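Per-entry structural report
Here's the letter readout for the chains.
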Amino acid sequence: MSDKQKGLENVIKALFPNAQHRHCVRHLYNNFKYKNPGEGLKQLMWNAARSSTKPWYNKHMEDLRVGAQARCFYLV
């Protein structure tokens, strides 16, 4: 898990080629909140991050897209 540090991502891929790599939601939210301020969107983003199934994730992402007026395209 990282906060989009390219050097770290490259090393992880080289050392652990079969491992999944994810970005920290807190850091993603810090970037997201500048264009989309408000606690409501923060909760929607965390709902998507905590989703345990793909259907719930898709539902929460759709809620987030609607709430953010389609400004979260880079999260998908």
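Figured I'd write up the structure that's included with this text. (Residues numbered from 1 in each chain as written. Predicted model: local features only at pLDDT ≥ 70, side-chain atom pairs only at ≥ 80, totals over all residues. Heavy atoms only, no water.)

1. Considering the pattern of salt bridges
Convention followed: Should a side-chain nitrogen of Lys or Arg be within 4 Å of a carboxyl oxygen of Asp or Glu, the pair is scored as a salt bridge. Only DSSP runs of H or I reaching four residues or more are called helices, and only runs of E reaching two or more are called strands; each is numbered from the N terminus. Only protein chains enter the area calculation, which uses a 1.4 Å probe; residues under 20% of their type maximum are buried, those over 50% are exposed, and those in between are partly exposed.
Taken as a whole and assessed by the stated rule, the structure comprises two salt bridges. One salt bridge in this structure joins Lys 59 and Asp 63, with 2.6 Å as the shortest N-O distance. Of this pair, Lys 59 and Asp 63 are both found in helix H4 (residues 54–67), four residues apart, which corresponds to roughly one turn of the helix. Exposure remark for Lys 59: the relative accessible area of 39% places this residue in the partly exposed category. Here Asp 63 falls in the partly exposed class, since its relative accessible area comes to 28%.

2. Remarks on the nonpolar core
Selection rule: For this analysis, a nonpolar core means a set of buried residues of the types Ala, Val, Leu, Ile, Met, Phe, Trp, Tyr and Cys, connected via side-chain atoms within 4.5 Å. Only heavy atoms enter the contact rule, under which two residues are in contact if any of them lie within 4.5 Å.
Membership of the largest hydrophobic core is limited to nine residues, which are Leu 28, Tyr 29, Phe 32, Leu 41, Met 45, Ala 48, Met 61, Leu 64 and Ala 68. Secondary-structure elements contributing two or more residues to this core are helix H2 (25–35), helix H3 (39–50) and H4. Contact partners of Tyr 29, with chain neighbours within four places excluded, come to Gly 38, Lys 42 and Met 45.

3. Examining the packing of H3 against H4
Rules: Axis angles are defined between N-to-C directions and span 0 to 180 degrees, where every axis is a line fitted to C-alpha atoms and, for a helix, only to the segment in contact. When describing relative orientation, an angle under 35 degrees is termed roughly parallel and one over 145 degrees roughly antiparallel, while 65 to 115 degrees is termed roughly perpendicular and anything else oblique. Two helices crossing with the near one rotated counterclockwise from the far one by less than a right angle form a left-handed crossing, whereas a clockwise rotation gives a right-handed crossing. Residues are grouped as follows: Ala, Val, Leu, Ile, Met, Phe, Trp, Tyr, Cys and Pro are nonpolar; Asp, Glu, Lys and Arg are charged; all remaining types, including Gly, are polar.
Direction vectors running N to C along H3 and H4 enclose 160°, while the axes themselves pass 8 Å from each other. It follows that H3 is roughly antiparallel to H4 by the angle criterion. For the pair H3 and H4, the crossing hand works out as left-handed. In this structure, H3 uses Leu 41, Leu 44, Met 45, Asn 47 and Ala 48 to contact H4, whose residues at the interface are Tyr 57, His 60, Met 61, Asp 63, Leu 64 and Gly 67. A per-class count over the contact of H3 with H4 returns seven nonpolar, three polar and one charged.

4. So, H4
The test is simple: Expected span of a helix: the number of residues minus one, times 1.5 Å.
Here H4 is 14 residues long and its end C-alpha atoms lie 20 Å apart, about the 20 Å a rise of 1.5 Å per residue gives. Buried residues belonging to H4 abut H2 and H3.

5. Comments concerning H2
Heads up, the condition is: To be clear, the arc concerns the directions from the helix axis to the C-beta atoms.
All buried positions along H2 are accounted for by Leu 28, Tyr 29 and Phe 32. All buried residues of H2 project into a common sector of 100° when viewed along the axis, lining one side. Residues of H2 that are buried sit in contact with H3 and H4.

Function cannot be inferred from these measures alone, as they are strictly geometric.
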